[in-house]
Amino acid sequence: MAQRLDESRRRERDQESARRELIAWVSHDLRSPLAGIRAMAEAMEDGVVDDPATVQRYLRTIGEESQRLSRLVDDLFELARIHQGTLQLHPEEVALGDLVSDVVAGAAPGAEARGVRLVGEADGLPPILVSAPELGRVLQNLLDNAIRHTPAGGVVAVRGASRPDGVLLSVVDECGGIPADDLVRVFEVAFRGDVARRRDEAGGGLGLAIAKGLVEAHDGDLTVENHERGCCFTIRLPATAATAGR
Ligand SMILES: Nc1ncnc2c1ncn2[C@@H]1O[C@H](COP(=O)(O)OP(=O)(O)OP(=O)(O)O)[C@@H](O)[C@H]1O
Ligand SMILES: [Mg+2]
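Residues numbered from 1 in each chain as written. Chains lettered and ligands numbered in written order. Predicted model: local features only at pLDDT ≥ 70, side-chain atom pairs only at ≥ 80, totals over all residues. Heavy atoms only, no water.

Caption draft 1: Region of the structure containing the overall build of the protein. Each helix and strand in the protein was counted, giving seven helices and seven strands. Taken from the N to the C terminus, the helices and strands of the protein come in the order α-α-β-α-β-β-α-β-β-α-α-α-β-β. Here the protein holds 246 residues, and 40% of them are scored as buried. Pairs at least 24 apart in sequence give 72% of the contacts found in the protein among residues at least 6 apart. Approximately 14200 Å² of the protein is accessible, and the part contributed by carbon and sulfur atoms is 51%. (Helix = DSSP H or I, 4+ residues; strand = E, 2+ residues; numbered from the N terminus. Buried < 20%, exposed > 50% of the residue type's maximum accessible area, 1.4 Å probe, protein only. Contact = heavy atoms within 4.5 Å. Areas by Shrake-Rupley, 256 points an atom, 1.4 Å probe, with all protein chains shown as cover.)

See below:
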């Protein structure tokens, strides 16, 4: 009894701290860029800034920042749908080899620009019942992270394996390994590692929380572990995936 009470108090505390972190996140990640956009627009409107080069730079920044903000708002919506259980999956028999090649082809230009070699080997897997757009999104999020954290000259690989009770899809990178303290936190909403936070292109820290939610909606799980040169995210999907939302 006492143990159950402790457990429920701990869960409440965790939920409360997750809520506080999300509020801090919204305030920092949405409000600060909005304040920046407003300041630039006002400076141009008031004529404080009028030399053409600066005006061009402000306009470009405003455009880029608005795009980034609308991506963040989309991600927040997706996360809310997952948490509320209103996510609608549309399961169909999917040839995983094709899905993996499509996502790999979409990520290839980004990988090439960073000098990262991208390889995908998921042929020969049995078709599986999943919601293709959502599974594609999960792979895209994982590939996006893997490519961003792998230095030029490194390799990012997508691998598939068939198991009696389902399939495994792994994204293996050469990021050098995730610090042990971070490894247990990467799936938290708004969590960003130190290195990611220091970079200009840092995202909202929502990608992995969304990916995990989408995989769990398929009754699967998403886990991470380090290997000698980097880390490996593994999606496990049961043969009867995609039962949610039907
Ligand atoms: N493949 C990876 N290699 C090394 N670190 C990673 C990798 N994937 C995630 N991480 C760490 O986990 C954190 C959370 O990842 P997540 O995808 O949720 O957020 P993000 O990439 O920072 O932002 P977003 O995905 O919302 O654009 C990252 O900031 C990074 O510190
Ligand atoms: Mg990400």
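Caption draft 2: Structural context of helix H1 (residues 2-45). Between its first and last C-alpha atoms H1 spans 63 Å; for 44 residues at 1.5 Å apiece the expected length is 64 Å, and the two agree. When the local axis directions of H1 are compared, the greatest deviation, roughly 30°, occurs at Arg-31, which is followed within four positions by the proline Pro-33. On its buried side, H1 packs onto helix H2 (52-84). Residue Gly-47 follows H1 closely and has a positive phi angle near 75°. (Expected span 1.5 Å × (residues − 1). Bend = angle between axes of the 7 residues up to and from the residue.)

Caption draft 3: Representation of the packing of aromatic side chains. The final tally for this structure, using the stated rule, is one aromatic pair. The ring of Phe-187 has Lys-212 lying over it, and the distance from NZ or CZ to the ring centre is 4.6 Å. (Phe/Tyr/Trp six-rings, centres within 6.5 Å; stacked < 30°, edge-to-face > 60°. Lys NZ or Arg CZ within 6 Å of the ring centre and 35° of its normal.)

Caption draft 4: Representation of the nonpolar core within the structure. In terms of nonpolar packing, the biggest core is built from 60 residues, with Leu-96, Leu-139, Leu-143, Leu-169, Phe-233 and Ile-235 touching the most fellow members. For this core, the element with the most residues is helix H4 (residues 132-149), which contributes eight residues. Not counting chain neighbours up to four residues away, the residues in contact with Leu-139 comprise Leu-99, Val-100, Val-103, Val-158, Leu-169, Val-171 and Ile-235. (Core = buried A, V, L, I, M, F, W, Y, C linked by side-chain atoms within 4.5 Å.)

Caption draft 5: Structural detail: the sheet that holds strand E4 (residues 155-163). Pairing within the open sheet is mixed, and its five strands lie in the order E2-E4-E5-E7-E6. The open sheet terminates on both sides in strands that have one partner only, identified here as strand E2 (117-121) and strand E6 (221-226). Along the sheet, successive strands turn relative to each other by an average axial angle of 15°, direction set aside. Direction of pairing for strand E5 (residues 166-172) relative to strand E7 (residues 231-238): antiparallel, over a ladder of seven bridges. By the bridge assignment for E7, Val-172 is matched with Cys-232. In the packing of helix H3 (residues 96-114) onto the sheet, contacts are made with E2, E4 and E5, and the angle to E2 comes to roughly 175°. (Pairing = 2+ DSSP bridges. Axes fitted to C-alpha atoms, helices over the stretch in contact; angles between N-to-C directions.)

Caption draft 6: Spatial organisation of unusual backbone geometry. Phi at Ala-190 is positive, roughly 70°, even though this residue is not glycine. With respect to the helices and strands, Ala-190 occurs in the loop between helix H5 (180-183) and helix H6 (194-198). Positive phi, close to 60°, is recorded for Asp-219, a residue that is not glycine. Along the chain, the position of Asp-219 falls in the loop between helix H7 (207-217) and E6. Given the relative accessible area of 40%, Asp-219 is considered partly exposed.

Caption draft 7: Broad picture of the site of ligand 1. Every one of the 20 residues lining ligand 1 counts as a neighbour, but Asn-145, Arg-148, Asp-173, Leu-206 and Leu-208 are closest to it. Separating an oxygen atom of ligand 1 from a side-chain N or O atom of Asn-145 is a distance of 2.8 Å. At a separation of 2.9 Å, an oxygen atom of ligand 1 approaches a polar backbone atom of Leu-208. Protein chains shield 91% of the accessible area of ligand 1, which is 600 Å² for the free molecule. Elements that contribute at least two residues to the shell around ligand 1 include exactly H4, H7 and E7. A total of four residues in the shell around ligand 1 trace back to one element, the largest contributor, which is H4. Here the shell around ligand 1 is composed, by residue class, of ten nonpolar, seven polar and three charged. (Near = heavy atom within 4 Å. Polar contact = N/O pair within 3.5 Å; in protein donor to acceptor, adjacent residues only side chain to side chain. Nonpolar A, V, L, I, M, F, W, Y, C, P; charged D, E, K, R; others polar.)

Caption draft 8: Just the environment of Arg-236, in detail. Note that Arg-236 resides in strand E7. Among the residues examined, Arg-236 registers a relative accessible area of 29% and is labelled partly exposed. When the C-alpha positions of Arg-236 and Asp-219 are compared, they lie 9.0 Å apart, and in sequence the two are 17 residues distant. Every residue in contact with Arg-236, bar those within four places of it in the chain, is listed here: Val-167, Leu-168, Val-215, Asp-219, Gly-220 and Asp-221.

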